[in-house]
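Chain by chain, the residues:
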Amino acid sequence: CRHLFTEERLKGKALRVMSYNILADYYADTDDGRNKLFNYCPQYAIDIDYRKQLLIKELVGYNSDILCMQEVDFKVFDLDLIPFLGEQQMSGVHNKKGTTPEGLATFFRTDRFELVEHHGMNIGDIVKKHPACQELFQKLQYNEQLVVRLTDRSTTLQVVLLRSKEFPEKYILIANTHLYFHPDADHIRLLQIGFSMILVNDYIQKFKEKHSTNDVSLLFCGDF
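Residues numbered from 1 in each chain as written. Predicted model: local features only at pLDDT ≥ 70, side-chain atom pairs only at ≥ 80, totals over all residues. Heavy atoms only, no water.

A. Region of interest: the packing of aromatic side chains. Here the structure, examined in full by the defined rule, presents seven aromatic pairs. When the ring of Phe38 is compared with that of Tyr40, the centres are 6.5 Å apart and the planes differ by 75 degrees; the resulting orientation is edge-to-face. Classification of Phe38 by relative accessible area gives buried; the value is 17%. For Tyr40, a relative accessible area of 61% gives the class exposed. Its end group placed over the ring of Phe167, Lys13 keeps NZ or CZ at 5.9 Å from the ring centre. In this structure, Arg153 is placed above the aromatic ring of Tyr180, and the distance from its NZ or CZ to the ring centre is 4.2 Å. (Phe/Tyr/Trp six-rings, centres within 6.5 Å; stacked < 30°, edge-to-face > 60°. Buried < 20%, exposed > 50% of the residue type's maximum accessible area, 1.4 Å probe, protein only. Lys NZ or Arg CZ within 6 Å of the ring centre and 35° of its normal.)

B. Structural view of the state of the cysteines. Inspection of the entire model under this criterion finds zero disulfides. Of the cysteine sulfurs around Cys221, a residue in no disulfide, the closest is that of Cys68, at 4.0 Å. (Disulfide = S-S within 2.5 Å.)

C. Structural view of the sheet that holds strand S3 (residues 90-96). One open sheet holds the four strands; their spatial order is S1-S2-S4-S3, and the pairing between them is mixed. A single partner strand is all that each edge strand has here, and the edge strands are strand S1 (17-21) and S3. The mean angle between the axes of side-by-side strands here comes to 20 degrees, regardless of whether they run parallel or antiparallel. With respect to the sheet, helix H4 (residues 48-61) is in contact with S1 and strand S2 (66-73), its orientation differing from that of S1 by roughly 160 degrees. Running at roughly 155 degrees to S2, helix H5 (residues 74-86) makes contact with S2, S3 and strand S4 (102-109) of the sheet. (Pairing = 2+ DSSP bridges. Helix = DSSP H or I, 4+ residues; strand = E, 2+ residues; numbered from the N terminus. Axes fitted to C-alpha atoms, helices over the stretch in contact; angles between N-to-C directions. Contact = heavy atoms within 4.5 Å.)

D. Spotlight on the packing of H4 against H5. It is at 11 Å that the axes of H4 and H5 come closest, and there the two elements cross at 30 degrees. Where H4 crosses over H5, the handedness of that crossing is right-handed. Residues Ile48, Lys52, Ile56, Leu59 and Val60 of H4 form the contact with H5, whose participating residues are Val76, Asp80, Leu81, Phe84 and Leu85. Its residues assigned to classes, the contact of H4 with H5 comprises eight nonpolar, no polar and two charged. (Left-handed = near helix turned anticlockwise from the far one by under 90°. Nonpolar A, V, L, I, M, F, W, Y, C, P; charged D, E, K, R; others polar.)

E. Broad picture of the layout of surface pockets. Each pocket or cavity is described by its volume, and for the largest pocket that value is around 420 Å³. Lining the largest pocket are 16 residues, and of these Tyr27, Glu71, Lys97, His178 and Phe181 sit closest to its centre. Of the residues contributing to the lining of the largest pocket, the split by class is seven nonpolar, five polar and four charged. In terms of lining, the second largest pocket is formed by 15 residues, of which the most central are Leu15, Phe113, Ser164, Phe167 and Lys170. Listed by contribution, the elements that provide at least two residues to the lining of the second largest pocket are strand S6 (156-164) and strand S7 (171-178). (1 Å grid on protein atoms, 1.4 Å probe; cavity = no way out; pocket = protein on both sides within 12 Å on 5 of 7 lines; lining within 4 Å. Points joined across faces, edges and corners; volume = space filled by probe spheres on them.)

F. Quick look at the packing of helix H8 (residues 144-151) against helix H9 (residues 186-211). Orientation of H8 relative to H9, taken along the N-to-C sense of each, is 65 degrees, at an axis distance of 10 Å. It follows from the interaxial angle that H8 and H9 lie roughly perpendicular. Relative to H9, the crossing made by H8 is right-handed. Here H8 contributes Leu146, Arg149 and Leu150 to the contact with H9, which in turn contributes His187, Ile188, Leu191, Gln192 and Phe195. (Parallel < 35°, antiparallel > 145°, perpendicular 65-115°, else oblique.)

G. Region of interest: the nonpolar core. Of all hydrophobic cores here, the largest spans 28 residues; its most connected members are Leu140, Leu157, Leu173, Phe195 and Val200. Every element with two or more residues in this core is listed here: helix H6 (123-126), H8, S6, S7, H9 and strand S8 (216-223). Per-element tally for this core: the top contributor is H9, with eight residues. With near-sequence residues (within four places) excluded, Phe195 lies in contact with Ile123, Val127, Cys133, Leu136, Phe137, Leu140 and Leu150. Core analysis: the second largest hydrophobic core is formed by 17 residues, Ile48, Val72, Leu85 and Phe107 among them. (Core = buried A, V, L, I, M, F, W, Y, C linked by side-chain atoms within 4.5 Å.)

Written out as structure tokens, the structure reads:
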């Protein structure tokens, strides 16, 4: 019944955005996944071949203009999301999360937007060397354990720059991330989102200078 509110696609200056952690099969189809994390679910409901059919129906039913996803397996992205969402006039990009077979995906309606560029960056790695991050990063040096825990993560930040086809002078930067999940890591998540905002702001400022434009909007989605 949720889809009754989104039966029509939007147009003009209206925009519908969706963010969704789809639960990677890499985590669900394990002994811990089946016996601990999701032991309340019957096995058939955890199976990716069952879940992805419901997932695609769910995603398509919202008629979103921009769709940000987390925990997207490579195979699901290539074999399911690209072809099915492609039929809905959507194109997408995927960025790997560390060494895992899952990551971040952002899709957009190709009749409304064109892709200018996209990048993926490991937050733990980039904060150690990116000039814009040094002021904050240097303040953490007194706590070696904190620095190790922050930088030893595979948390990824995805940035996707789109240009409006309806209003060609307007750009929108989509930021997408999946912060560190651990229950006792609220301080790590706070630092991750802080550094992410620094990186995103630096990216926007450099793009504005390079292309002599001030019309860049920011949309930040993710599993926080």
